[in-house]
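Spelled out from the first residue to the last, the chains are:
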Amino acid sequence: MDGADAPRTGKLARGAITGLAAARIGLATLGHRTRTATPAEQAAHEAALGRILFGALGQLRGSALKVSQLLAMHPQLLPEGVRNELARAHYQAPALSRAVVGRVFRQAFGQEPQALFTHFEPTAFAAASLGQVHRAELAGHGTVAVKVQYPGMAGTIASDMQLLRTALRALAHTDLPLPSGTVLDGVVAEIESTLRRELDYRHEAEQQQWFATHAAQPGVVIAQPILSHTRAQVLTQPFLPGQPLAQWLATQPAQALRDQAGQHLWDWTLHCMFGLGSIHADPHPGNFLFAADGTVGVLDFGCTRALSGPFRAQVRSAWSALLRPAAAPDRDAQVLAAYQALGLVSADLPLPTYRSACAPVLAPMQAWQLEPFTQPVFDFATKTPPPLTEPAHQRVLGRYLQQVPGEMPAFERTWMGLMHLLTLLGARVRTRHAHWLHTDASSVPTVESSP
């Protein structure tokens, strides 16, 4: 991880990459028709289009790689085959040369990292889509982790988002079942807003401070950032103990430890979602550390999201209704009312239409989301995989889905990430004791700087 240069920022070069991708998407679609394709042929077609899109985003690097990660976690936006290809961005990241790292520090602090720290390891030990992390020693703080952002990315966001819109328009002209242009535009706008916040490490430090102060929970560790050594492109914090999930699982921890870590994650996430109304919205395994005693450390607070009281109330209402028996009176009416209040569907959508057209399409994902609540102690080793949305069902969603609330992508991303983490852990978690679905915690302070 010691030799790459900064991402290319030239608008012409980046535009050429996306223009070529759009042309390749068009060519890949010729001769393929979803309505006559077998499931295997359709899956192969979606994967091919996903590889084209990921290839373009991967060449663009910078913020575009983060875009790929965010798109991959929208189950109702893109087909499964496309999202699986985009998900590869979680495991690919460039590395910066020592000279580039030094330039970032000179621009941020006016001096080299060796002048700021007692010791600074020039080779990064971890990398992500937006930056890489170095180990260092700081007087008065001991061992610290220093995140250094890849330079030049802030200047590419506007062009990258325009290029993303071009690529999505190209996909919209294929025979893939996609949501309406209004829905796509709303999701892209939310991604752009998320990126702009995440590229300012001072904002991330504010979020991390807030969560460390207000989201403290037993068994969950959040480090306070070291503000004296933090700037827009550099963030310094105490080095947290623990191992990434894959390494921790390789030590073959006892089931009791996996259950304990899983319980910590479950309790903390629901507390943030329904209690605090502010969430860590980038919950992939690389953002968590697992200690030998089952304690969980949480990293990377660049991607957070405030959830308003009305949003949480409507999600609670919908989920509470869906957990009632299917024959319960007014069950569907309560769900529809919540979806209408959220703006997901039209306010004048008739209940019979919802029951006949929408409910059957939404039922598999609803059941998957709420499956852990069906048992007092849920064994995530038995968790079913996320359901695949058939093309015909995707078209129904495209017809009736009116908009995606700004909070919804981050909320769904967080819930899917939690399910994925707990499934990897194979944890047995007490789920029914949580009271967040039935209380209004709107008096808890939320993150002031989140939208």
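As annotated in an unreviewed UniProt entry, the chain carries the name AarF/ABC1/UbiB kinase family protein and is attributed to Acidovorax lacteus. In its Sequence similarities (unreviewed entry) section, the UniProt entry covering the chain states "Belongs to the protein kinase superfamily. ADCK protein kinase family."

Attention now moves to the sheet that holds strand β9 (residues 296-298). Across a sheet, paired strands are connected by hydrogen bonds in the backbone, their directions being either parallel or antiparallel. On the basis of which strands lie adjacent, the open sheet formed by 3 strands has the order β5-β9-β8 and mixed pairing. The open sheet is flanked by β5 (220-221) and β8 (288-290), the only strands paired with a single partner. Relative to β9, helix α11 (residues 255-276) is tilted by about 40°, and along the sheet it contacts β5, β8 and β9.

So, about helix α12 (residues 309-322). An ideal rise of 1.5 Å per residue puts 20 Å on 14 residues; α12 measures up with 20 Å between its terminal C-alpha atoms. All of the buried residues along α12 are Phe311, Arg312, Val315, Arg316, Ala318, Trp319, Ala321 and Leu322. Lining the buried residues of α12 we find α11, α13 (331-342), α14 (351-370) and α16 (408-425). The N-cap of α12, judged by a side-chain oxygen 3.2 Å from the amide nitrogen of Phe311 a few residues on, is Ser308.

A separate point is the nonpolar core. By size, the foremost hydrophobic cluster in this structure holds 67 residues, and its most contacted members are Trp266 and Tyr339. At 10 residues, the largest contribution of residues to this core is made by α16.

In this model, α11 (22 residues) spans 30 Å end to end at C-alpha, consistent with the 32 Å of a helix rising 1.5 Å per residue. Here α11 lies mainly inside the structure; 17 of its 22 residues are buried. Gly277 occupies a position one or two residues after α11 and carries a positive phi of about 75°.

Glancing now at the pattern of salt bridges. Two side chains carrying opposite charge are able to pair once their charged atoms lie near each other. Under the defined criterion, the tally for this structure stands at 11 salt bridges. A salt bridge links Arg196 to Glu192; the nearest nitrogen and oxygen atoms lie 3.1 Å apart. Taken together, the residues span about one helical turn, with Arg196 and Glu192 both in helix α8 (residues 181-198) at a distance of 4 residues. Residue Asp259 pairs with Arg428 through a salt bridge whose shortest N-O separation is 2.9 Å. Of the two residues, Asp259 sits in helix α11 while Arg428 sits in strand β12 (residues 428-430), which places them 169 residues apart along the sequence.

The buried fraction of strand β6 (residues 234-238) is high, at 4 of 5 residues. Pairing of strand β4 (residues 142-149) with β6 involves 5 bridges; the strand directions are antiparallel. What sits directly across from Ala145, in β6, is Gln237.

Moving on: the packing of α14 against helix α15 (residues 391-400). One way to put it is that α14 packs onto α15 with a least axis distance of 9 Å and a crossing angle of 130°. On the basis of their axis angle, the class for α14 and α15 is oblique. Here α14 runs over α15; the crossing is left-handed. In this structure, α14 contributes Thr353, Ala357, Cys358, Val361 and Leu362 to the contact, and α15 contributes His393, Val396, Leu397 and Tyr400.

A separate point is the pairing of β4. Counted residue by residue, β4 has 6 buried out of 8 residues, so it is predominantly covered. Pairing of strand β3 (residues 131-138) with β4 involves 8 bridges; the strand directions are antiparallel. Paired with Gly131 across the two strands is Gln149, which belongs to β4. Hairpin geometry of β3 and β4 is characterised by an intervening segment of 3 residues between the two adjacent antiparallel strands and by a positive phi of about 85° at Gly140.

Rules behind the numbers
Residues numbered from 1 in each chain as written. Predicted model: local features only at pLDDT ≥ 70, side-chain atom pairs only at ≥ 80, totals over all residues. Heavy atoms only, no water. UniProt positions renumbered as here; feature names shortened; annotations may be inferred. Pairing = 2+ DSSP bridges. Helix = DSSP H or I, 4+ residues; strand = E, 2+ residues; numbered from the N terminus. Contact = heavy atoms within 4.5 Å. Axes fitted to C-alpha atoms, helices over the stretch in contact; angles between N-to-C directions. Expected span 1.5 Å × (residues − 1). Buried < 20%, exposed > 50% of the residue type's maximum accessible area, 1.4 Å probe, protein only. Polar contact = N/O pair within 3.5 Å; in protein donor to acceptor, adjacent residues only side chain to side chain. Core = buried A, V, L, I, M, F, W, Y, C linked by side-chain atoms within 4.5 Å. Salt bridge = Lys/Arg side-chain N within 4 Å of Asp/Glu carboxyl O. Parallel < 35°, antiparallel > 145°, perpendicular 65-115°, else oblique. Left-handed = near helix turned anticlockwise from the far one by under 90°.

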